[in-house]
Amino acid sequence: MKNKGFYILLFLCSLSAIGQIDEDKRVLDEPFIVARDTVVSTEVYDPLAPSRAAFYSAAIPGLGQAYNKKYWKIPIIYAGMATGVYFYIQNQNDYTRFRDAYKRRLAGFTDDEFFGDGAVAIISNERLINAQRGAQKNKDYSIITVIAFYALNIIDANVDAHLRQYDISDDLSVGPKFDMNKFTTKPNYTLSLTYTLK
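**Observations regarding the environment of Gly80**
Moving on, step 1. Relative to the assigned elements, Gly80 resides in helix 5 (residues 73-106).
Moving on, step 2. Taking the relative accessible area as the measure of exposure, Gly80 reaches 8% and is therefore buried.
Moving on, step 3. Between the C-alpha atom of Gly80 and that of Ala148, which follows or precedes it by 68 residues, the distance is 9.1 Å.
Moving on, step 4. For Gly80, the contacting residues outside a window of four places in its chain are Thr145 and Phe149.

Rendered as structure tokens:
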């Protein structure tokens with residue numbers, strides 16, 4: 001019986017010795033799981049890329065989009081500019097027809113295309129003047145359309161080159177962060193958002 005009590009006392013002393021681990025050592029011995037950053041930038045940051053793309057688009061429309069590897073935008077640019085040129089030519093031809101008919105009427109001729117069979121004017125002189133003004137206004141709109149597509153071509157190449165180099169991380173979430181206070185050894189609960197600028 002004496003031996004039995006001695007073994008129980010020895011067993012209880014050994015259990016209390018195992019539980020007495022230093023807190024600082026216990027915190028340092030715990031393994032930390034660190035996730036590696038999966039977003040790796042493969043392109044080197046080029047600060048002149050936007051101005052280079054804008055210059056290429058200014059020299060030859062669509063070349064800046066090819067530089068940015070956005071080939072699908074090139075037909076849209078040329079279609080917009082070609083539409084403006086087409087309507088400019090069409091309105092120029094209409095303007096010339098109306099002007100020539102009006103000049104012939106002022107000269108006393110009645111054989112223009114806007115006269116009917118019985119030498120009666122289908123379209124009056126005032127209507128020819130208004131048609132000339134309308135065709136001139138439409139020509140101006142066509143020029144504005146071509147210039148607008150040309151300017152949008154340059155702006156698009158510049159902005160697209162800027163955005164191509166913009167650092168977009170897949171991890172844009174806000175989440176809780178658990179940290180151990182080194183002085184009180186109590187956990188700190190915080191909310192963190194990390195944003196890195198280049």
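That shown, we press on.
**Quick look at the pattern of salt bridges**
Moving on, step 1. Across all of its chains, the model carries four salt bridges by this definition.
Moving on, step 2. Residue Asp156 is joined to Lys73 by a salt bridge in which the shortest nitrogen-to-oxygen separation is 3.1 Å. Here Asp156 is found in helix 6 (residues 125-164), whereas its partner Lys73 is found in helix 5, with 83 residues between them in sequence.
Moving on, step 3. Between Arg99 and Asp100 there is a salt bridge, and its shortest N-O distance comes to 3.7 Å.

**Structural notes on the packing of helix 5 against helix 6**
Moving on, step 1. Two numbers describe how helix 5 lies on helix 6: the axes approach to 8 Å, and their chain directions differ by 165 degrees. Here helix 6 runs roughly antiparallel to helix 5, going by the angle between their axes. Note on packing geometry: the crossing formed by helix 5 with helix 6 is left-handed.
Moving on, step 2. Residues belonging to the contact of helix 5 with helix 6 are distributed by class as follows: 18 nonpolar, 11 polar and six charged.

**Quick notes on the packing of helix 3 (residues 49-59) against helix 6**
Moving on, step 1. Remark: helix 3 packs on helix 6, axes separated minimally by 8 Å, with the N-to-C direction vectors making an angle of 155 degrees. With respect to helix 6, the axis of helix 3 lies roughly antiparallel. When you trace helix 3 past helix 6, the crossing you get is right-handed. Residues Ala49, Pro50, Ser51, Ala53, Ala54, Ser57 and Ala58 of helix 3 lie in contact with helix 6, whose contacting residues are Tyr150, Asn153, Ile154, Ala157, Asn158, Ala161 and His162.
Moving on, step 2. Its residues assigned to classes, the contact of helix 3 with helix 6 shows nine nonpolar, five polar and no charged.

**Quick notes on helix 6**
Moving on, step 1. In this model, helix 6 (40 residues) spans 58 Å end to end at C-alpha, consistent with the 58 Å of a helix rising 1.5 Å per residue.
Moving on, step 2. Listed in full, the buried residues belonging to helix 6 are Leu128, Gln132, Ala135, Lys139, Ser142, Val146, Asn153, Ala157, Asp160 and Ala161.
Moving on, step 3. The secondary structure elements touched by the buried residues of helix 6 are helix 3, helix 4 (63-67) and helix 5.

**Re the environment of Leu163**
Moving on, step 1. Here Leu163 lies in helix 6.
Moving on, step 2. On the basis of relative accessibility, which here comes to 55%, the residue Leu163 falls in the exposed class.
Moving on, step 3. A sequence separation of 113 residues divides Leu163 from Pro50, and the C-alpha atoms of the two residues are 9.1 Å apart.

**Regarding unusual backbone geometry**
The phi torsion of most residues other than glycine is negative, and most of the peptide bonds are trans.
Moving on, step 1. Positive phi, normally seen in glycine, also occurs at Lys69, with a value near 65 degrees.
Moving on, step 2. Owing to a relative accessible area of 60%, Lys69 belongs among the exposed residues under this scheme.

Definitions and cut-offs
Residues numbered from 1 in each chain as written. Predicted model: local features only at pLDDT ≥ 70, side-chain atom pairs only at ≥ 80, totals over all residues. Heavy atoms only, no water. Helix = DSSP H or I, 4+ residues; strand = E, 2+ residues; numbered from the N terminus. Buried < 20%, exposed > 50% of the residue type's maximum accessible area, 1.4 Å probe, protein only. Contact = heavy atoms within 4.5 Å. Salt bridge = Lys/Arg side-chain N within 4 Å of Asp/Glu carboxyl O. Axes fitted to C-alpha atoms, helices over the stretch in contact; angles between N-to-C directions. Parallel < 35°, antiparallel > 145°, perpendicular 65-115°, else oblique. Left-handed = near helix turned anticlockwise from the far one by under 90°. Nonpolar A, V, L, I, M, F, W, Y, C, P; charged D, E, K, R; others polar. Expected span 1.5 Å × (residues − 1).

This is a description of form; function is not addressed.
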